[in-house]
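Coordinates in review
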Amino acid sequence: MTPGGRAGGYRLGMSIKMRTFLLTFVLTLVADLGLKEWVLHAIPYPTPRTGEITLIPDLFSLVHAKNPGAAFSAMRDFEGRMYVFAVFTVIAVVALGWAMRALRPEEKVQPLAIGLMLAGVLGNACDRLRFQEVTDMFKLYAGFEPLRSWTMERFGTNIWPIFNIADVVLLVGVGIFILRYLFERDSTTAEVDPGQAPDVA
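The model shown is predicted, which means the values in this text are computed figures rather than measured ones.

Moving on, we get to a nonpolar patch on the surface. A grouping of W38, I53, L55, I56, L59, L140, F144, L147, W150, F155 and W160 is seen on the molecular surface, where their side chains present a nonpolar patch of about 1000 Å² in accessible area. Counting only elements with at least two residues in the nonpolar patch, the list comes to β3 (53-56) and α4 (147-155). Residue placement: W160 occurs in the loop between α4 and α5 (165-190). For W160, a relative accessible area of 47% gives the class partly exposed.

Written as structure tokens, this is what we have:
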């Protein structure tokens, strides 16, 4: 082995982007699947009021819920939904893999975002493959006045659709990816001097 951690002229180890991606993806997926497995055994389904685990009174609780559909229970009654979910999962994995490959080796932010998105997609896909439905547990609700009355009047319910870690990290990953893209685009635009005429070959 040559000095500096080189062997045969090549540096050993993974790039920064791969380390960031793998660490984010593995930890997030394990957290999602682990919490779902705990909920399956620790919280009764459907969760009675006495079985609900309150984290923040009148605002945030842990429950055991199941969603056979997509976000906000979309397509829950559509018989071919599993085929749609399968196609979506394949397309998402391929697209994220392509995006990951296109990144620079030293990139840190976008690999984190891609790791979160991929963990979110595969976390819920694992549930659908096992049970044909997704296990949810986070219950966000307005149990105090006047917010309770306002949400009931405006939306007909005071409970936000119950969700899980995969849903959260997927949304966060998309947000980070878009913000990073917009920031890079603005930075590239700022580097161009608007008063400088373009070179003519």
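This is not the end of the story, as more comes after the structure.
What follows deals with the packing of aromatic side chains. All chains considered together, the criterion is met by four aromatic pairs. Judged by centre distance (5.9 Å) and plane angle (5°), the ring pair of F21 and F25 falls under stacked. You can see F21 and its partner F25 sitting in helix α1 (residues 16-42), four residues apart, about one turn around the helix. Assessed through its relative accessible area of 15%, F25 is described here as buried. Through successive ring pairs, a cluster of aromatic residues spans F60, F138 and F163. The cationic tip of K66 hangs over the ring face of Y45; the distance from NZ or CZ to the ring centre is 5.1 Å.

A few words on unusual backbone geometry. Here Y45 and P46 are connected by a cis peptide whose omega angle stands at -10°. Along the chain, E145 connects to P146 via a cis peptide bond; the corresponding omega equals 5°. In this structure, P146 sits in the loop between β5 (134-140) and α4. Not every positive phi belongs to a glycine, and D58 is a case in point at roughly 60°. Relative to the elements of secondary structure, D58 occurs in the loop between β3 and β4 (60-67). The partly exposed category is assigned to D58, whose relative accessible area is 33%. Unusually for a residue other than glycine, Q132 sits at a positive phi of about 60°. Mapped onto the secondary structure, Q132 falls in the loop between α3 (109-131) and β5.

Strand order in the open sheet made by the three strands is β3-β4-β5, with antiparallel pairing throughout. On the outer flanks of this sheet lie β3 and β5, each paired with one strand and no other. Here the strands of the sheet are splayed against their neighbours by 40° on average, with no regard to which way each runs. Two elements, β4 and β5, share six bridges in a ladder whose sense is antiparallel. By the bridge assignment, A65 is partnered in β5 with D136. On top of the sheet, α1 reaches β3, β4 and β5; it is set at about 85° to β5, its chief contact.

Moving on to the environment of A119. When you line up the elements, A119 lands in helix α3. Given the relative accessible area of 1%, A119 is considered buried. Spatially, the C-alpha atom of A119 lies 4.9 Å from that of L29, the residues being 90 residues apart in sequence. The residues touching A119, leaving out its near neighbours within four places in the chain, are F25, T28 and L29.

Parameters and conventions
Residues numbered from 1 in each chain as written. Predicted model: local features only at pLDDT ≥ 70, side-chain atom pairs only at ≥ 80, totals over all residues. Heavy atoms only, no water. Patch = residues over 30% accessible without salt bridge, like charges linked within 9 Å, V, L, I, M, F, W, Y side chains within 5 Å. Areas by Shrake-Rupley, 256 points an atom, 1.4 Å probe, with all protein chains shown as cover. Salt bridge = Lys/Arg side-chain N within 4 Å of Asp/Glu carboxyl O. Helix = DSSP H or I, 4+ residues; strand = E, 2+ residues; numbered from the N terminus. Buried < 20%, exposed > 50% of the residue type's maximum accessible area, 1.4 Å probe, protein only. Phe/Tyr/Trp six-rings, centres within 6.5 Å; stacked < 30°, edge-to-face > 60°. Lys NZ or Arg CZ within 6 Å of the ring centre and 35° of its normal. Pairing = 2+ DSSP bridges. Axes fitted to C-alpha atoms, helices over the stretch in contact; angles between N-to-C directions. Contact = heavy atoms within 4.5 Å.

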